[in-house]
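Listed below are the residues making up each chain.
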Amino acid sequence: MKRYVGIIVIIAIFAILIIMTIVRRNYNNNIQINIEELAQRIVKSSSFEDSLEKVDNELIMNTYGFLPDSIEEIVSYQGSGASSEEVLILKVKDVNDVNNEKEIIETRLNEKKDAYASYMPEEVSKIENRILIEKGNYLILCICNDYDTVNNIIDDYL
């Protein structure tokens, strides 16, 4: 009899773990972010040396090489070029495409790192230590000086 109780307890624990995993996965997929509002909060923080300006969506799509059919919304703020600082937030139409778009971002960051290595090597560490967060259909990229502040802003917003 004790053996059956132990088996039932183990099955119940596994069932609870499976349910928690499913709920957590669905929670991330149902997140709604006002990307412009979040970007503004990040940009207005004191986390940047450079003054960031909003970049035209078409320009940022071409710069990164995103596929227009994959992106639902996008916003980007970038520095003057005297720094590598940047904020990029995008919403992917299909959650299955998030990894593809993340790879595109990683490729662009490697190119950016190579470009800065030759004339502003101090910017390379910012790029290497960047924030790249995936939440449901969203990707949030931030290259800045104060990663703790930006992480707190993102955590508070989400």
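Since this is a predicted model, take the numbers as computed values, not measurements.

Quick notes on the rules
Residues numbered from 1 in each chain as written. Predicted model: local features only at pLDDT ≥ 70, side-chain atom pairs only at ≥ 80, totals over all residues. Heavy atoms only, no water. Pairing = 2+ DSSP bridges. Helix = DSSP H or I, 4+ residues; strand = E, 2+ residues; numbered from the N terminus. Contact = heavy atoms within 4.5 Å. Axes fitted to C-alpha atoms, helices over the stretch in contact; angles between N-to-C directions. Salt bridge = Lys/Arg side-chain N within 4 Å of Asp/Glu carboxyl O. Buried < 20%, exposed > 50% of the residue type's maximum accessible area, 1.4 Å probe, protein only. Arc of directions from axis to C-beta.

Asker: Account for the sheet that holds strand β5 (residues 138–143), with residues named and values stated.
Answerer: The strand order across the open sheet formed by 5 strands is β1-β2-β3-β5-β4, and the pairing between neighbours is antiparallel. The open sheet has two free edges, formed respectively by β1 (53–54) and β4 (131–135), since each of these has just one partner strand. Where strand β2 (residues 71–78) meets strand β3 (residues 86–92), 7 bridges bridge the pair, whose relative direction is antiparallel. Residue pairing for β3: Val-75 is matched across the bridge by Ile-89. Its contacts with the sheet place helix α4 (residues 98–119) against β2, β3, β4 and β5, and it is angled at close to 15 degrees to β5.

Asker: Describe the pattern of salt bridges, naming the residues involved and giving the relevant values.
Answerer: When charged atoms on two side chains of opposite charge get close, those side chains can pair. In the structure shown here, the tally under the stated rule is 10 salt bridges. Among the ionic pairs, Glu-86 bridges to Lys-112, the shortest N-O distance being 2.6 Å. Here Glu-86, found in strand β3, pairs with Lys-112, found in helix α4; they are 26 residues apart in sequence, far enough to count as distant. Summarising the burial analysis for this pair, Glu-86 and Lys-112 share the class buried. For Glu-134, the salt bridge identified is with Lys-102, shortest N-O distance 3.4 Å. With Glu-134 in strand β4 and Lys-102 in helix α4, the pair connects residues that are 32 residues apart, well separated along the chain. The exposure class assigned to Glu-134 is partly exposed, which follows from its relative accessible area of 35%. Lys-102 gets classed as partly exposed once you look at its relative accessible area, which sits at 24%.

Asker: Before we move on, could you go through helix α3 (residues 57–64) and cite the residues and values that matter?
Answerer: Taken together, the buried positions of α3 are Ile-60, Met-61 and Tyr-64. One side of α3 carries all its buried residues, which in axial view fall inside an arc of 105 degrees. Pointing more than 90 degrees away from the buried face of α3 are the exposed residues Glu-58 and Asn-62. Where α3 is buried, its residues meet β2, β3, α4 and β5. Of the residues trailing α3, Gly-65 is marked for its positive phi of about 85 degrees.

Asker: Can you lay out the environment of Lys-93 for me, pointing to particular residues and giving the numbers?
Answerer: Mapped onto the elements, Lys-93 comes out in the loop between β3 and α4. For Lys-93, a relative accessible area of 46% gives the class partly exposed. The spacing of Lys-93 and Tyr-138 is 45 residues in sequence and 9.2 Å in space, taken between C-alpha atoms. Each residue touching Lys-93, except ones within four places of it in the same chain, is listed here: Pro-68, Asp-69, Ser-70, Ile-71, Glu-72 and Asn-137.

Scope: geometric values only; no functional claims are made or implied.
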